[in-house]
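What follows is each chain in one-letter form.
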Amino acid sequence: MEKRFDLIIFDWDGTLMDSAAHIVEAIRAAAADVGVTVPTPEAARHVIGLGLQDAIAMALPDLPQDRYDELVASYRHHFFTTAIQRQRLFAGVEELLVSLREQRYWLAVATGKGRAGLDRSLEETALGRYFVTSRTADETASKPDPKMLHEILFELDVVPERALMVGDTSYDLEMAARARVPSVGVTGGAHAIEHLLPHQPRTILDDIRELETWLADL
């Protein structure tokens, strides 16, 4: 049967990697280090998916911009030395990617992570071989700006309606809507379902492993 989509673009944190809680820890620890009001876990969780600069501005509005570099250094220290050691892929992620590749889908990543962070994650999980391209927030516009998706579509010569964005945050789904790319939301990541629904995803999945069945039923 002919596939409905040619390209599936995944967010990383909270979609493929069960890392939302650890990002929250790193944000809150960094805020304490630099002496600004520590955001609540809910506030810190809500900025996951944005580029780091945008996330700081939203989560720590009292932090002067000339101290962003200090905060970023502290965040990265906590993230890479503590939090990342407790991250794991969601169950079934690698098996899903293997199956999708066997069905001749192109796979890509569009993430709010920086390039160094994504490359490290791809290496540590050994998932890099499954993706034909990726974009990060430090090399293009941050979500929910659609530029990240526009660049991926242009690179692979795929029209928007033949691509699918899969993500766990409102930023992922808003980005997709602005790029006119169909989307699927997943729960269990950074944003609750009530934040996903307004962006009209094709469906909401409670488990990333359900994506393959949903695609087969189209």
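Up top is the structure.
Trainee: Would you take a moment to explain the pattern of salt bridges for this structure?
Mentor: Any two side chains of opposite charge can pair, given that their charged atoms come close. The final tally for this structure, using the stated rule, is 14 salt bridges. A salt bridge links Arg162 to Asp6; the nearest nitrogen and oxygen atoms lie 2.9 Å apart. Note that Arg162 is positioned in the loop between helix H7 (147-156) and strand E6 (163-167) and Asp6 in the segment before strand E1 (7-10), a separation of 156 residues in sequence. Accessibility expressed as a relative area gives 21% for Arg162, which makes it partly exposed. Accessibility expressed as a relative area gives 29% for Asp6, which makes it partly exposed. For Glu139, the salt bridge identified is with Arg115, shortest N-O distance 2.6 Å. Note that Glu139 is positioned in the loop between strand E5 (133-136) and H7 and Arg115 in helix H6 (residues 115-125), a separation of 24 residues in sequence. Residue Glu139 is classed as partly exposed on the basis of its relative accessible area of 38%.

Calculation rules
Residues numbered from 1 in each chain as written. Predicted model: local features only at pLDDT ≥ 70, side-chain atom pairs only at ≥ 80, totals over all residues. Heavy atoms only, no water. Salt bridge = Lys/Arg side-chain N within 4 Å of Asp/Glu carboxyl O. Helix = DSSP H or I, 4+ residues; strand = E, 2+ residues; numbered from the N terminus. Buried < 20%, exposed > 50% of the residue type's maximum accessible area, 1.4 Å probe, protein only.

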